[in-house]
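Listed below, chain by chain, are the residues.
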Amino acid sequence: MDTTLPQRFLEQSIHSLKQVNHQIFQLNQQPFQQQNTYDQEPTNLQLNRTPIQLKSNHQETTIAAIDTSTIKIGETSTGLIVAIRGATVWKQDRAYRYTRLGPFIFHITEDNKKEVYNTLERAYFTNRYETSHFYAPSLLQMPTRLASLLERWLQTMIAKTVTNGLILLDGSLTSGTIDTPVYRLKEILDLARKNQNIVLAFSKMTMLRINGYLITDQLPSSDPPYLLETSGLRPKPPTVILGDVYVARLGRSSYAFRLDIDKEIQTQKRVEAVEKLVGNDLYNQNYPETLRLSHILCTFTANEVLAMQHFITHKHGIRIINRPDMHRLLFGPFGKGETYA
Amino acid sequence: MKLYKKEGNIIQVLCFPTENAEKGDYLMIEDTEAGKALIAQVIDVQFAAIPGVLEELLRTLPDGGEPIQGEDIDPMEIAPHITYIQDASLLICKIRATFQNELLSPSSSWLPSRSQSLIKKLSIPLLLRLAKVEGKLPIILGGTKDASLLTIDASAIDGTLNIITGKKGCGKSHLSKLLMVSLLGYGAAVVVFDLNGEYSSLGLSADGKRNMYFDKIHALAPSQNFKVAVSQLHLNVIMGILVHALHLPGTSAREFRRIWKQLKEKDNLSLSSLGEAIRNLNCNQHVRDALSSRYHSLVNSGFFTDRPAEATLLEECLLKANDEGGAIIINLKNTSTIDRQIVVEYVLGKLVDSLSSWKLKAAFLFAEEAHLYLRETYWDDIVTRMRHFGLFTTFVTNQPDTIRENIYRQADNIFLFNFTNEHDLDVVSRAARVDAETVRSIARDLPPHHCLTLGRVVHDFPIVARVRTLDLKTMGETRLFFKNMN
């Protein structure tokens, strides 16, 4: 396994933290919401309300899921201190196993953001593509972009190492966005296919609507599990969707999710893949347990945030201060904090 | 350690895994700017309410319920910091005193700085030195957790009412013997109501040889080597026995008093003449029957004799103990309930006589399971009247609710062993010199032979110590059927 990227993550993390040595920093515990840039209002989107009924297939199949998480630990006078962690979970022989990578703690400033981002981009992806187009995102976007880099690397590693399995991704198969270039997602899908894997991407939230209603709210009265097929989805260039979009209702619960399946896979194989998923994984509110666990395992708890604050205080001599929340200061009980501003 | 919260006289201290503090330990919270320090005792250790711990524990459990197996690649080594935070504990401490200008005062009215205060463990020897728990008559009770000795001063037991309590088999009698022989060593006069015959052989060491206390211990077994000549009895003592131990009604008591005086005047006071006089008494049949039944109880006890040579002069024993120091062990092991009450009534009557006439300067009374032989009115007598006469009692019991609440309220020292029963802890916590939280929290977790010492002997700084062993033939061991079978 090529571990260049995690190594670079570690190097950049330590390097960036050295720059913040003996500074004062302001505590903050706000998780970054990953921006959903994929779901743009499409034209001609249609939903076939005739369900593709699924039969649970218990044939032993490896199911793997990947997720990453990022959190802001605090602010310094020059930038942000953020932590990033990724988790892969796989179900094999009826048991769930996981690998967690991180947390990596970064001190990101206007001065070092370009170096940090480009070093990490180059670490894994350069040898195949031109680097001239690399640029650094804005300071506020950096945490999610770094997390995205780690997530794509983990997806690549899973696509390379798992065979004849199902790879569950968090989100959609939309590419051509700033943090997911087409070639990068294409490479992951190609690698997965090469190892007889099928990629299934589940979106917890979707903005896709037909006649003003969310596609996940227009469920027929048929018995689950089933898939509903969509057609006519044409995102605005340069966005490209590398999968076909379905609505999946996998259990008796009333929730349904947008499911993107690799376009290159034959329709029959797609259905078989979802049937294997239904037969091999557990479901919580119709959401695959493997994917749920990967999310849970990478998410930072308040305890971990405290531990990371303790780490940077002790290891890097950063003095923690609590700067007053201006909302609370100005508006008293009416100021709910920056998060609710 | 960091100061977290103060509410009343309870202080909460955040303690990290590298800092070890347990229930019973003392902390010094020093505010250098204020120039004073709080001395607080840990009464409970809890997990600190760290946010996110529940999520941390929950996420390792999938729906199946078994822990999820996995690998954590943690290149920055954050995991030890997570554990460090997760294992942080909260010490609930009771403020015992303020230390300022080399003096201790029982104040908790000031607030030390949360950010600047320095918190450190206070060793027991240092605490004892600060509290001036020292004296010329040291009694080593045992060893504390930090390997130091808990030494109290015998004078702190002088003039006091003490209670030794704890559940069965945790070492109460052992401590009672330790205190008793220590007092004996300092020449005190001690009387023991020995319910189980455990104290009689304290003059021998564990290997059966005579020890330094051998000549000072006088074991008296009622109706065996402890008999009383009727002719030497005082009227008030025999009346006390009849009224309080044998519940003789008032009218009959008056008749008895008359008979006694008549026989005394004729110099014909004996068991047989007393029996004869009651038989020939010309009075109401009920009165005669009442006197007759009490007379037979006295005769059947075997405690009374008409032969002065056979009698033991308790007063002489007491005077000897007063002069040279000595313990009079009243062995009540093979004595029936009624006889026990007769004997106790007699001994207490004699003690009060000797003390009130100043023949006896003062005496220490050790009473095991006193509810089994002490009459109702004596409880109040012991803590009030007799105390002023110079009788200082130590009650030893495994049933704390058999001792009246007013006894607890007036107790000067309490030696508390393990109790798990809430009701028992509630009873003990009524003692005036102790707070209920300390009793409930610390006593519940005391290991066997460990004692929480409260009160005057430790200057109101409750201290836990393991009671030291004694090289004495104690005989307090429970007889077991299966002892040599395993």
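Small disclaimer: the values here were computed from a predicted structure and weren't measured.

Engineer: Which residues make up the interface of chain A and chain B, and what are the values?
Structural biologist: Many analyses report the size of an interface as the accessible area lost when the parts associate. Each partner contributes to the interface: chain A provides 32 residues, whereas chain B provides 25 residues. Buried area between chain A and chain B, both sides added, is near 2600 Å², and the carbon and sulfur share of it is 63%. The interface formed by chain A and chain B holds nine residue pairs in polar contact (both at pLDDT 80 or more) in total. Among the secondary structure elements, those contributing two or more residues to the side of chain A that touches chain B are α1 (4-18), β5 (95-109), α6 (289-298) and α7 (302-316) of chain A. When residues of the side of chain A that touches chain B are assigned to their parent elements, the largest contribution, 10 residues, is made by β5 of chain A. Here β5 of chain A runs beside strand β5 (residues 69-73) of chain B; their pairing, made up of five bridges, is parallel. Counterpart to L101 of chain A in the pairing with β5 of chain B is I73 of chain B.

Engineer: Tell me what's going on with the packing of helix α7 (residues 271-279) of chain B against helix α8 (residues 285-301) of chain B, and back it up with residues and numbers.
Structural biologist: Residue and element names in this part refer to chain B. Remark: α7 packs on α8, axes separated minimally by 9 Å, with the N-to-C direction vectors making an angle of 160 degrees. Taken together, the axes of α7 and α8 lie roughly antiparallel to each other. Taken as a pair, α7 and α8 cross one another with a handedness that is left-handed. Contact residues: α7 offers L271, S272, L274, G275, I278 and R279, while α8 offers R288, L291, S292, Y295 and V299. The residue inventory of the contact of α7 with α8, partitioned by class, reads six nonpolar, three polar and two charged.

Engineer: Please provide a residue-by-residue account of the environment of G243 of chain A, values included.
Structural biologist: Relative to the helices and strands, G243 of chain A is located in strand β13 (residues 243-249). Setting aside chain neighbours within four positions, we find G243 of chain A in contact with L173, I261, D262 and K263 of chain A.

Engineer: Tell me about the packing of aromatic side chains, residues and numbers included.
Structural biologist: All names here are of chain B. The tally for this structure, following the rule as stated, stands at 10 aromatic pairs over all chains. Where F364 meets F392, the ring centres are 5.7 Å apart and the plane angle is 65 degrees; that geometry is what we call edge-to-face. Taken together, the residues F364 in strand β17 (residues 363-368) and F392 in strand β18 (residues 391-397) connect sequence positions 28 residues apart. The residues F364 and F392 share a single accessibility class, namely buried. Ring pairs connect the aromatic residues F226, F303, F304 and Y346, which therefore count as one cluster. Here K177 stacks its cationic end above the ring of Y199, 5.4 Å away from the centre of that ring.

Engineer: Can you break down the pattern of salt bridges residue by residue, with the values?
Structural biologist: Residue and element names in this part refer to chain B. Scanning the model with the defined rule gives 26 salt bridges over all chains in all. We note a salt bridge from K145 to E22, for which the minimum N-O separation is 3.7 Å. Taken together, the positions of K145 in the loop between β9 (138-143) and β10 (149-153) and E22 in the loop between β2 (10-15) and β3 (26-31) put the pair 123 residues apart, joining distant regions of the chain. Overall, K145 belongs to the partly exposed group, its relative accessible area being 49%. Look at E22 and you get partly exposed, because its relative accessible area is 36%. Look at the salt bridges and you will find they share partners, linking E22, D25, K121 and K145 into a network.

Engineer: With reference to specific residues and values, describe a nonpolar patch on the surface.
Structural biologist: A contiguous nonpolar surface patch, about 610 Å² in accessible area, is contributed by M326, L329, L330, F331 and F334 of chain A. Looking at the element boundaries, M326 of chain A is found in helix α8 (residues 326-331).

So, how was this worked out
Residues numbered from 1 in each chain as written. Chains lettered and ligands numbered in written order. Predicted model: local features only at pLDDT ≥ 70, side-chain atom pairs only at ≥ 80, totals over all residues. Heavy atoms only, no water. Contact = heavy atoms within 4.5 Å. Buried area = accessible area lost by both parts, 1.4 Å probe. Polar contact = N/O pair within 3.5 Å; in protein donor to acceptor, adjacent residues only side chain to side chain. Helix = DSSP H or I, 4+ residues; strand = E, 2+ residues; numbered from the N terminus. Pairing = 2+ DSSP bridges. Axes fitted to C-alpha atoms, helices over the stretch in contact; angles between N-to-C directions. Parallel < 35°, antiparallel > 145°, perpendicular 65-115°, else oblique. Left-handed = near helix turned anticlockwise from the far one by under 90°. Nonpolar A, V, L, I, M, F, W, Y, C, P; charged D, E, K, R; others polar. Phe/Tyr/Trp six-rings, centres within 6.5 Å; stacked < 30°, edge-to-face > 60°. Buried < 20%, exposed > 50% of the residue type's maximum accessible area, 1.4 Å probe, protein only. Lys NZ or Arg CZ within 6 Å of the ring centre and 35° of its normal. Salt bridge = Lys/Arg side-chain N within 4 Å of Asp/Glu carboxyl O. Patch = residues over 30% accessible without salt bridge, like charges linked within 9 Å, V, L, I, M, F, W, Y side chains within 5 Å. Areas by Shrake-Rupley, 256 points an atom, 1.4 Å probe, with all protein chains shown as cover.

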